[in-house]
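One-letter residues, chain by chain:
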Amino acid sequence: MIPQASHLHGRLVLTHGRLTLREQLPGEAAQLADGKRAGLAWIDGGPGEGTIIAAGMMTIAAAAEVYAPGWGLFVIQRSDDGLALGGIGFHGPPSAVDGRVEIGYDLSESARGKGWATDAVLVLSRWALSRAEVRTVLATTDPGNRASQRVLERAGFGRIADRDAQWAYELGPVGRGVRA
């Protein structure tokens, strides 16, 4: 499953079934970093803490002129009505050394437990792995965050060596976890 990719007003949009991932441009990321809605209707009234932090990181990257379009923050939306449920994105472009790209995600409390995070991880990871420059997708979780670990496991990620007290997971090109 490779999601449908299109471009709308200079942004990458990835769609698969009930889910749309809408890339945020630097100006929108700056609004999200300030806790604003950035022109979106949010399930819980505004972006969650993780989305705000990721938007701040993207804003810093854009100001430093190291932001790479397509490799930043995406808002997770329901395809049928555009309601924003959370954020997902890359920690930057893929490594030129090993083709690894790291993702992170955040789901609004009211959207949790309904498979949205798993769907978003699948869509973003499959799109990334369809790119020639990407060999593996990495994600980390806090050791006690069992919900996030289940999301990664359901998306086909395998646990690898820990990183700085975080549990690390990878997904390789055939949809199988890459083990250390």
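Residues numbered from 1 in each chain as written. Predicted model: local features only at pLDDT ≥ 70, side-chain atom pairs only at ≥ 80, totals over all residues. Heavy atoms only, no water.

**Here's the deal with the overall build of the protein**
Now for step 1: When helices and strands are tallied, the protein shows four helices and nine strands.
Now for step 2: Starting at the N terminus and ending at the C terminus, the protein contains elements arranged as β-β-β-α-α-β-β-β-α-β-α-β-β.
Now for step 3: Based on the C-alpha atoms only, the size of the protein along its principal axes is roughly 40 × 35 × 30 Å.
Now for step 4: Taking all 180 residues of the protein together, the buried fraction comes to 46%.
Now for step 5: Entry remark: accessible area of the protein is about 8,800 Å², with carbon and sulfur atoms responsible for 52%.
Now for step 6: If the 19 positive side-chain charges of the protein are averaged to one point and the 19 negative ones to another, these points end up 6 Å apart. (Helix = DSSP H or I, 4+ residues; strand = E, 2+ residues; numbered from the N terminus. Buried < 20%, exposed > 50% of the residue type's maximum accessible area, 1.4 Å probe, protein only. Areas by Shrake-Rupley, 256 points an atom, 1.4 Å probe, with all protein chains shown as cover. Lys, Arg positive; Asp, Glu negative; His and termini not counted. Charge placed at Lys NZ, Arg CZ, Asp CG, Glu CD.)

**Examining unusual backbone geometry**
Now for step 1: In this model, H9 sits at a positive phi of 55°, which is unusual for a non-glycine residue.
Now for step 2: Tracing the sequence through the fold places H9 in the loop between β1 (4-8) and β2 (11-16).
Now for step 3: With a relative accessible area of 69%, H9 lands in the exposed category.
Now for step 4: A positive phi angle, near 55°, is found at A38, a position not held by glycine.
Now for step 5: For A38, the location among the structural elements is in the loop between α1 (26-33) and α2 (49-63).
Now for step 6: Classification of A38 as buried rests on a relative accessible area of 10%.

**What to know about the pattern of salt bridges**
Now for step 1: For the structure shown, the criterion picks out nine salt bridges.
Now for step 2: For the salt bridge of E28 with R22, the shortest nitrogen-to-oxygen distance reads 3.7 Å.
Now for step 3: Looking at E28, the relative accessible area reads 14%, which means it is buried.
Now for step 4: We classify R22 as buried; its relative accessible area is 17%.
Now for step 5: A salt bridge links R146 to E153, with the shortest nitrogen-to-oxygen separation between them at 3.2 Å.
Now for step 6: Residue classification places E153 among the partly exposed residues on the basis of a relative accessible area of 37%.
Now for step 7: Counted as one network, the salt bridges with shared partners bring together R11, R22 and E28. (Salt bridge = Lys/Arg side-chain N within 4 Å of Asp/Glu carboxyl O.)

**Considering the environment of L138**
Now for step 1: Tracing the sequence through the fold places L138 in strand β7 (residues 136-141).
Now for step 2: Linking L138 and G35, residues 103 residues apart in sequence, is a C-alpha distance of 27 Å.

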